[in-house]
Amino acid sequence: MGSLCLHNGTVLTGFAAMEHCAVLVEGGVVSDVFAQRRFEQKRFSSDVTLIDVGGSYIAPGLIDTHIHGFGGYGTDDASTESVVEMSRLLAEYGVTAFNPTLYPAEPKAMLQAVRQVSAAIGKESGAKVMGLHLEGPFISPDRLGVQKPETLSPVDLSFMEQLWEASGGHIVNMTVAPELKNMRELALFCVKKGIVLQAGHTNANYENMVEGMQVGILHTTHLFNAMSKLDHRNPNAVGAVLIHPEMSCEIIADGFHVHPDLFTLLRRDKPADKIVLVTDALKPTEQKAGPFFANGEEVVLRDGVFHRKIDDVIAGSSLTMIRGIQNLVRFGFSLEDAVKAASTNPAQVMRFARRGTIIPGNEADLVVFDNNFQVLATVVGGSLKKNLL
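Residues numbered from 1 in each chain as written. Predicted model: local features only at pLDDT ≥ 70, side-chain atom pairs only at ≥ 80, totals over all residues. Heavy atoms only, no water.

Colleague: If you had to explain the sheet that holds strand β19 (residues 305-308) to someone new, which residues and values would you point to?
Modeller: One open sheet holds the four strands; their spatial order is β17-β18-β19-β20, and the pairing between them is antiparallel. Every interior strand has two partners, whereas the edge strands, β17 (292-294) and β20 (314-317), have only one. Averaged over neighbouring strand pairs, the angle between their axes works out to 45° when direction is ignored. Inspection of the sheet shows β17 paired to strand β18 (residues 297-302) by three bridges, in the antiparallel sense. Looking across to β18, one finds that A294 is bridged to E297. (Pairing = 2+ DSSP bridges. Helix = DSSP H or I, 4+ residues; strand = E, 2+ residues; numbered from the N terminus. Axes fitted to C-alpha atoms, helices over the stretch in contact; angles between N-to-C directions.)

Colleague: With reference to specific residues and values, describe the side chain of D64.
Modeller: Among the secondary structure elements, D64 is positioned in strand β6 (residues 62-67). No salt bridge forms around the buried D64; measuring N to O, its nearest opposite-charge neighbour R323 is 10 Å away. In terms of polar contacts, D64 uses its side chain to reach the backbone amide nitrogen of H66, at 3.2 Å. Each residue touching D64, except ones within four places of it in the same chain, is listed here: A97, F98, N99, V278, T279 and M321. (Buried < 20%, exposed > 50% of the residue type's maximum accessible area, 1.4 Å probe, protein only. Lys, Arg positive; Asp, Glu negative; His and termini not counted. Salt bridge = Lys/Arg side-chain N within 4 Å of Asp/Glu carboxyl O. Polar contact = N/O pair within 3.5 Å; in protein donor to acceptor, adjacent residues only side chain to side chain. Contact = heavy atoms within 4.5 Å.)

Colleague: An account of the pairing of β18 is requested, with residue identities and associated values reported.
Modeller: Here β17 hands over to β18 after two residues, with N295 in that stretch at a positive phi of 55°. Of the strand pairs in this sheet, β18 and β19 are connected by four bridges, and their pairing is antiparallel. Paired with V299 across the bridge in β19 is R308. Counting the residues in the hairpin turn of β18 and β19 gives two residues, including D303, whose phi is positive at 55°.

Colleague: An account of helix α5 (residues 183-193) is needed here, citing residue identities and associated values.
Modeller: Of the positions making up α5, those classed as buried are M183, L186, A187, F189 and C190. The buried residues of α5 occupy an angular sector of 160° when the element is viewed end-on, so they sit on one face. Buried-residue contacts for α5 involve α4 (157-166), β12 (171-176), β13 (196-199) and β14 (217-220). Immediately downstream of α5, the backbone of G194 shows phi near 80°, a positive value. (Arc of directions from axis to C-beta.)

Colleague: Tell me about the pattern of salt bridges, and name the residues and values.
Modeller: In this structure the tally under the stated criterion is 12 salt bridges. Residue R323 pairs with E286 through a salt bridge whose shortest N-O separation is 3.6 Å. With a gap of 37 residues between them, R323 in helix α9 (residues 321-330) and E286 in the loop between β16 (275-278) and β17 connect regions that are remote in the sequence. On the accessibility criterion, E286 (28% relative accessible area) is partly exposed. The salt bridge partner of K340 is D337, with a shortest N-O separation of 3.8 Å. With K340 and D337 both in helix α10 (residues 335-349), this residue pair falls three residues apart, about one helical turn. Within the structure, one salt-bridge network assembled from shared partners comprises E297, R308 and D311.

As structure tokens, this is what we get:
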């Protein structure tokens, strides 16, 4: 693996912005971050590739912890090859790590899908598959969104153990409804396995949410969407997330799933390190030509959102992570906090060691983008996966 030095850029480290700086990559990790002045004084060996980023931003690679598909490939294909293609295409958009997200299905089909998606780990050509996100099946029938009611299940610890075995121990995060009977037992199992539990597709009241927090349900799936709303007599799920600073939350920053002005509330009420940008993108996101299908149903793209063709119900997002960062800035976030939401925070919440910040010793997962939020270069594990510079 060759060495690489990106220089003449503003480095967004995940905790500070450093202008006129360079990042040196050796052996697949960040080996140093230094000023452009020092770069000009250094002498590099011939095996170091020098790339002048022309004043653009150098940031930690983007991490999407909730994504169903991309470019015409998706987890609903139940295909290892589809996830590998997602990996390749996502790197073009600055994503260096992701958690392919599975909707629930009939048990036999879901176990097969979990096996096939998990098998992509180690076969990636672009962004790394960190592990699976299961968006169900232990969720509320009252907050389905476009999920299919026949695929839901009461809490079943035996089935959870089967899912864990089918994944080869690669389930990273799981969306659950805290109010379901026997959720405590499930949560304790997941805590032992290191699975990050997220409250989502839930009709929980405030007491249910607090009880869930006590057994480790401290993250939230697409805040404001598919969950019990804030009420003055019962804060419910939304209120619990806003009240408790220790709870982190996903947010879909496309301007449609959540009103732009609510991001002002979010910035005010949530610590900056508890906000995690996700796309929740569906299979046809950035697909060049139709027809478009997601979760076995035909969808149409209108105003940046996919709608089910049969009834016009919103089916999901077509957001990309880099466009999400751009939108967060447009909604009032600083660029540094927007990048943290897309890189640093998901790494921290998902316990991805040595990712999400640009410091010596960390994995060399990097993205370079300009003032127009065009991705110019992507580095995964020290290897250039995209280079327009």
